[in-house]
Amino acid sequence: MKRAIIRADASSTIGSGHIMRCLPLAKALSQQGVCIDFVCRQILPNMVERIRASGYGLHLLKPLLNEPLNREEHSSWLGLPWQEDADECATFLAQQGDCDWLIVDHYGIDARWHAALRPHTKNILVLDDLADRDYDCDILVDANLPPSPPKPYDEHLPSSSLLLQGPRYALLRDEWAQMRCQSVRDEYTVQHTPPRVLISYGGTDPTGETLKVLKTLQRLGREVKVDCVIGNGVANREAIVSLVDSQNWQCHIDIDYMAQLASECDLAFGAAGVSSMERCCVGLPTILTICGANQTAGAIALETAGAAVNLGSYETVTVERLTEACLRLLDQPKTLHAMRQKANELCDGRGVARVVQRMQAFAVTLRLATEADCDAVWAWRNDPRNRQYSLDANEIPLQQHRDWFAKTLQLPQRQLLIAEDARGSVGVLRFDQEDEFSACVSIYLHPDRHGEAKGSALLHAGEQWMVKQHSQIQRFNALVLAQNVASQKLFIEMGYRLVSQDGQSLHMTKAVSRHDNKIQGRQE
């Protein structure tokens, strides 16, 4: 992987969270020698400073005449027709040369835009938490706690897309994981006297929650120590700073030590957005306000998990409700302690490493097997690490394998594929067409490539290959040994579901999304 380009915006309407969650991913990729460029149309001055100070390229698209003002109408956030944005971005990508990954974090961009950029990048990764539109991507990351019922991503994603969902994939900066081990305490007590309270509603706080909470704590009738964190672009900045100063509290503006600060507090007030997983990582209980419709599912899930108190939409959150929630938690240290533990269990702060590992694994190509592959495939299949999870665990004689291999290459209903990357062979995929509309897949890795998380990349590439070569395919099936937990997790992660069990074999299946056909038809 040599180059990644990130398409994201930040404004008073959009907020700065989209760029902020891209920065840790950019840092991890950069540390591995990947060249990073941000492409932005709307950008706050402090975000420009952060991107450039980190050493990344920043390409500014033509500015908008008027900034979109409707926070809830996400489709309008681009501020212009999607084709115009896609054309500008395509021109920039073409000028940069080979792009390994196009990373998109923008609620105003959908599958039409993704498909238009496909010719200019090898892979597309989308960061999202809405599941409200179609996507044409190889990986989609939604790091929010999955709600119940789950979001309908299967209705909007190509079948071959890899969905990385849940706090395990939260894109947090390194310092959050470093501070995590210091944050959870065993005693049923508030750590500080007076209690230390954190207020943080993101870089812009467009709904004015910071000032509302400050007034709440000013009138609380109980001494508290307050750390108020704001960005340079926050609304009501002068009023916020003035109130904080009048109480001898601390105001922190556009800081780079948020993890340490959060780990030292007893309770937080915040929005139910990107920063929720940061607070969970250090076990910080939070009184949540929903500051946008996209935060509703996450807020409900966090409260259900016992990690936060959800007060609902900002429009209904009053000083009285904030006061009641704050006093109730401060008066119940056992409840506060339980919330602290629940929050800390949700997120370990290592999501960036997991996402980067998945991205690296996608650098595979497929080709049809030839006679020259016969003996190598035999050796891989007979390796004990592969045989132990094969439906037939016996070692296969070489001549028997050669006979099977020669026959396989002649069977029109069987596709035998070899996966390779820059280091060489990765593994084998076999698709057996059961009828015109379904195919059974089997997969195993080169013995030396176990433990590299390559399985999802092989399966992803194979499904894409089959849909492209056999457009009538509507379903993929798989047989997995009940004892093969790793393969079960792989197929489930890739969208397969268990339909039946026959002895020690699990029958799993996956429907090809209607979206696959829409994307393919548009490209044709």
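Notes on the structure in this doc start here.

The rules we used
Residues numbered from 1 in each chain as written. Predicted model: local features only at pLDDT ≥ 70, side-chain atom pairs only at ≥ 80, totals over all residues. Heavy atoms only, no water. Pairing = 2+ DSSP bridges. Helix = DSSP H or I, 4+ residues; strand = E, 2+ residues; numbered from the N terminus. Axes fitted to C-alpha atoms, helices over the stretch in contact; angles between N-to-C directions. Contact = heavy atoms within 4.5 Å. Expected span 1.5 Å × (residues − 1). Buried < 20%, exposed > 50% of the residue type's maximum accessible area, 1.4 Å probe, protein only. Salt bridge = Lys/Arg side-chain N within 4 Å of Asp/Glu carboxyl O. Right-handed = clockwise from strand over helix to strand, strands pointing away.

Turning next to the sheet that holds strand S7 (residues 162–165). Pairing between the strands of a sheet is mediated by backbone hydrogen bonds and can be parallel or antiparallel. Taken in spatial order, the 7 strands line up as S3-S2-S1-S4-S5-S6-S7 in an open sheet, and their pairing is parallel. A single partner strand is all that each edge strand has here, and the edge strands are strand S3 (57–60) and S7. Neighbouring strand axes in the sheet, compared pairwise and without regard to direction, differ in orientation by 20 degrees on average. The pairing of strand S5 (residues 123–127) with strand S6 (residues 139–142) spans 3 bridges and is parallel.

The 6 strands are arranged S10-S9-S8-S11-S12-S13 in an open sheet whose pairing can be described as parallel. One side of each edge strand has no neighbouring strand; the edge strands of this open sheet are strand S10 (250–253) and strand S13 (308–313). Neighbouring strand axes in the sheet, compared pairwise and without regard to direction, differ in orientation by 15 degrees on average. When strand S12 (residues 286–290) meets S13, the two strands line up parallel, connected through 4 bridges. Counted as the bridge partner of Ile287 is Val309 from S13. On top of the sheet, helix H10 (residues 296–304) reaches S12 and S13; it is set at about 150 degrees to S13, its chief contact.

Notably, Asp254 is not glycine yet its phi reads approximately 50 degrees, a positive angle. Residue placement: Asp254 occurs in the loop between S10 and helix H8 (258–263). A positive phi angle, close to 55 degrees, is found at Ala453, a residue other than glycine.

Turn by turn, an α-helix covers 3.6 residues, leaving residues three or four places apart pointing in a common direction. Counted at 1.5 Å a residue, the expected span for helix H17 (residues 455–469) with its 15 residues is 21 Å, and the 21 Å between its end C-alpha atoms agrees. Within H17, 12 of the 15 residues are buried, which leaves it mostly tucked inside the rest of the structure.

Burial within helix H6 (residues 209–218) is extensive, with 8 of its 10 residues counted as buried. Tucked into the core, H6 has its buried residues touching strand S8 (196–200), strand S9 (225–230), helix H7 (237–246), strand S11 (267–271), S12 and helix H11 (319–330).

Attention shifts here to the pattern of salt bridges. Across all of its chains, the model carries 35 salt bridges by this definition. Arg133 serves as the salt-bridge partner of Asp128, at 2.8 Å between the closest nitrogen and oxygen. Classification of Asp128 by relative accessible area gives buried; the value is 1%. Residue Arg133 is classed as buried on the basis of its relative accessible area, which comes to 10%. Note that Asp432 is salt-bridged to Arg430, the shortest N-O span being 2.8 Å. It is possible to trace a salt-bridge network through shared partners that takes in Arg7, Asp9, Arg41, Asp85 and Glu88.

Let us look at the environment of Glu67. Structurally, Glu67 can be placed in the loop between S3 and helix H3 (82–96). Of the residues examined, Glu67 reaches a relative accessible area of 33% and is grouped as partly exposed. Between the C-alpha atom of Glu67 and that of Trp77, which follows or precedes it by 10 residues, the distance is 8.4 Å. Sequence-distant contacts of Glu67, defined by excluding residues within four places in its chain, comprise Ser11, Ser12, Thr13 and Gln42.

Glancing now at the pairing of strand S2 (residues 35–40). Here is the key point about a regular strand: its side chains alternate between the two faces of the sheet. Burial runs high along S2: 5 of the 6 residues are buried. For the crossover from strand S1 (residues 3–8) across helix H1 (residues 17–31) to S2, the handedness is right-handed. Across 4 bridges, S2 lies against S3 in parallel orientation. Residue Phe38 lies in a different strand from S3, and its bridge partner there is Leu58. Handedness of the S2-helix H2 (residues 45–53)-S3 crossover: right-handed.

Turning our attention to the pairing of strand S4 (residues 101–105). Here S4 lies mainly inside the structure; 5 of its 5 residues are buried. In S4, alternate side chains face the same way, and those of Trp101, Ile103 and Asp105 on one face and Leu102 and Val104 on the other are all buried. Sheet topology note: the S1/S4 ladder contains 5 bridges and is parallel. If you follow Ala4 over to S4, its bridge partner there is Trp101. As paired strands, S4 and S5 are joined by 4 bridges and run parallel to one another. The residue of S5 that forms the bridge with Trp101 is Asn123. Handedness of the crossover joining S4 and S5 through helix H4 (residues 111–117) is recorded here as right-handed.

Nothing here speaks to function; it is geometry throughout.
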